[in-house]
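Observations on the three-dimensional arrangement
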Amino acid sequence: MKYLLTSFLVAMIATVGIAQAPMRLAVAGLSHGHVGWAFNRADKKDAVLVGVYEPNQELVDRFVNRYKLDKKLFYSDLNKMLDETKPEAVSAFGPINEHVVLVRACAPRKINVMVEKPLATTFADAKEIQSLALKNNIHVLTNFETSWYASNQYVHDLYEEGKLGEIRKVMVNDGHQGPKEIGVGKEFFEILTDPVKNGAGALTDFGCYGANLMTWLMKGERPISVTAVAHQNKPDIYKNVDDEASIILQYPKAQCIIQASWNWTFARKDMEVYGTKGYAVAVDATTIRERLQEKAPEEKKKIDPRPAPYTDPFSVLSDVVQGRLKLDKNDLYGLPVNVTVVEILEAARNSVKSGKAVTLK
């Protein structure tokens, strides 16, 4: 009887599994404007916050008071936090150029990382991050808001199913009125307007979305050339970086125009994909416009949001780290796509400087 009971329990465990403990999550940096996500997840049980690295004591005090956090969570030394709290993953909310520093610290400790877009400010840093991740067998994810959009997935599925034909033209429009105009915090404003910390202005901040989506649509294929122009429409506000940029990615049979702006009348994130058989427009996260037959009228429809875990980047991170989710090699969050994104952005900056198209070798 005892043997039968033990066998039954083993079979049940094998069948349904044992619920995993929440992922041990640490946060590196509090200066990024999106960091509040990490402290507004009381309804989620897939991750537990074990530590926060932030050397700016003023910022620490602000977050302790705002979210009623235990001061023992906070560290001014990154390595000490990693060693004492032993997180399974760290989410980066500091300057973009510091992502590589974080991965250098986490990778040898076998700690996974998620960064806010883009992956890095330079192609060299992006390649180093990829090398460290592969060498140490860790995940490094890059979070984009547009990865949460059901509309983008819908358009991608249309293309994969052959309903759009071959892609010929893609237009991706991303931006808002400007960081100052929408009231970002002073620390985040400092990052966004620093050409070293952010890489560029609107070109980096919003140009990365189009590079991410187009590389995904093209199954990882790199463009032949990158041509870009950038401008300061508001030099009194954005003294050191561009606030307006247009990037053209040329492929053998397709072209992508990326419009990145801190000058839109209203915030927007949309994508238009035109193929040889039809077109589809991701108007917002759940709105589609499509025309799939020559004699058919354009159709507008609302679709359901993406299912869990894709509604929350920390849920995606938790599921990937704990093995419940395996990302496709060409996933929007993954390293192959996002290393190419950084290569495109670097080429775009070089094109702006030279006034010429940059050919990718």
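Residues numbered from 1 in each chain as written. Predicted model: local features only at pLDDT ≥ 70, side-chain atom pairs only at ≥ 80, totals over all residues. Heavy atoms only, no water.

The name given to the protein chain in an unreviewed UniProt entry is Gfo/Idh/MocA family oxidoreductase, and the organism recorded there is Dyadobacter subterraneus.

The two faces of strand 6 (residues 140-143) match: Val140 and Thr142 on one face and Leu141 and Asn143 on the other face are all buried. By the bridge criterion, four bridges tie strand 5 (residues 112-116) to strand 6 in an arrangement that is parallel. The residue bridging Val115 from the neighbouring strand is Thr142, located in strand 6. After leaving strand 5, the chain enters helix 5 (residues 123-136) and then returns to the sheet as strand 6, a path that is right-handed. (Buried < 20%, exposed > 50% of the residue type's maximum accessible area, 1.4 Å probe, protein only. Helix = DSSP H or I, 4+ residues; strand = E, 2+ residues; numbered from the N terminus. Pairing = 2+ DSSP bridges. Right-handed = clockwise from strand over helix to strand, strands pointing away.)

Moving on to the UniProt feature "domain: Gfo/Idh/MocA-like oxidoreductase N-terminal" (unreviewed entry) in the protein chain. Summarizing the sequence annotation, UniProt attributes the feature "domain: Gfo/Idh/MocA-like oxidoreductase N-terminal" (unreviewed entry) to residues 25-141 in the numbering used throughout. Secondary structure over residues 25-141 splits into 35% helix and 21% strand, and the C-alpha atoms at its two ends are 14 Å apart. (UniProt positions renumbered as here; feature names shortened; annotations may be inferred.)

Quick look at the UniProt feature "domain: GFO/IDH/MocA-like oxidoreductase" (unreviewed entry) in the protein chain now. Mapped onto this numbering, the UniProt entry gives "domain: GFO/IDH/MocA-like oxidoreductase" (unreviewed entry) at residues 153-280. Within residues 153-280, the helical portion is 27% and the strand portion 31%, while the C-alpha atoms at the span's ends are 11 Å from each other.

Glancing now at the environment of Asp270. By the secondary structure assignment, Asp270 is in strand 11 (residues 268-275). Residue Asp270 is classed as buried on the basis of its relative accessible area of 11%. Spatially, the C-alpha atom of Asp270 lies 28 Å from that of His139, the residues being 131 residues apart in sequence. Contacts of Asp270, omitting those with residues within four sequence positions, involve Met171, Val172, Asn173, Asp174, Ala282 and Val283. Among the polar contacts listed, one links the side chain of Asp270 to the side chain of Arg268, at a separation of 2.8 Å. (Contact = heavy atoms within 4.5 Å. Polar contact = N/O pair within 3.5 Å; in protein donor to acceptor, adjacent residues only side chain to side chain.)

The next thing to look at is the sheet that holds strand 12 (residues 279-284). Pairing is mixed in the open sheet, where nine strands are placed in the order 14-13-12-11-7-10-9-8-15. At either margin of the open sheet sits one strand with a lone partner, and together these are strand 14 (299-302) and strand 15 (358-359). For strand 8 (residues 225-231) and strand 15, the ladder comprises two bridges, and the chain directions are antiparallel. In the strand pairing of strand 15, Ser225 is matched with Thr359. Here helix 12 (residues 335-354) sits on the sheet in contact with strand 8, strand 9 (244-250) and strand 15, set at roughly 60° to strand 8. (Axes fitted to C-alpha atoms, helices over the stretch in contact; angles between N-to-C directions.)

Before going further, it helps to examine helix 11 (residues 313-321). Burial of helix 11 is extensive: nine of the nine residues sit out of reach of the surface. Considering only its buried residues, helix 11 is in contact with strand 1 (23-28), strand 4 (89-92), strand 5 and strand 6. For helix 11, the N-terminal capping position is held by Asp312, with its side-chain oxygen 2.8 Å away from the main-chain nitrogen of Phe314. Positive backbone phi, at 85°, marks Gly323, one or two positions downstream of helix 11.

Time to look at the packing of helix 10 (residues 207-217) against helix 12. At a minimum axis separation of 9 Å, helix 10 and helix 12 run at an interaxial angle of 130°. The orientation of helix 10 relative to helix 12 falls into the category oblique. The crossing of helix 10 and helix 12 is right-handed. Across the interface between the two elements, Gly207, Cys208, Ala211, Asn212 and Thr215 of helix 10 pack against Val337, Asn338, Thr340, Val341, Ile344 and Leu345 of helix 12. The residue makeup of the contact of helix 10 with helix 12, split by class, is six nonpolar, five polar and no charged. (Parallel < 35°, antiparallel > 145°, perpendicular 65-115°, else oblique. Left-handed = near helix turned anticlockwise from the far one by under 90°. Nonpolar A, V, L, I, M, F, W, Y, C, P; charged D, E, K, R; others polar.)

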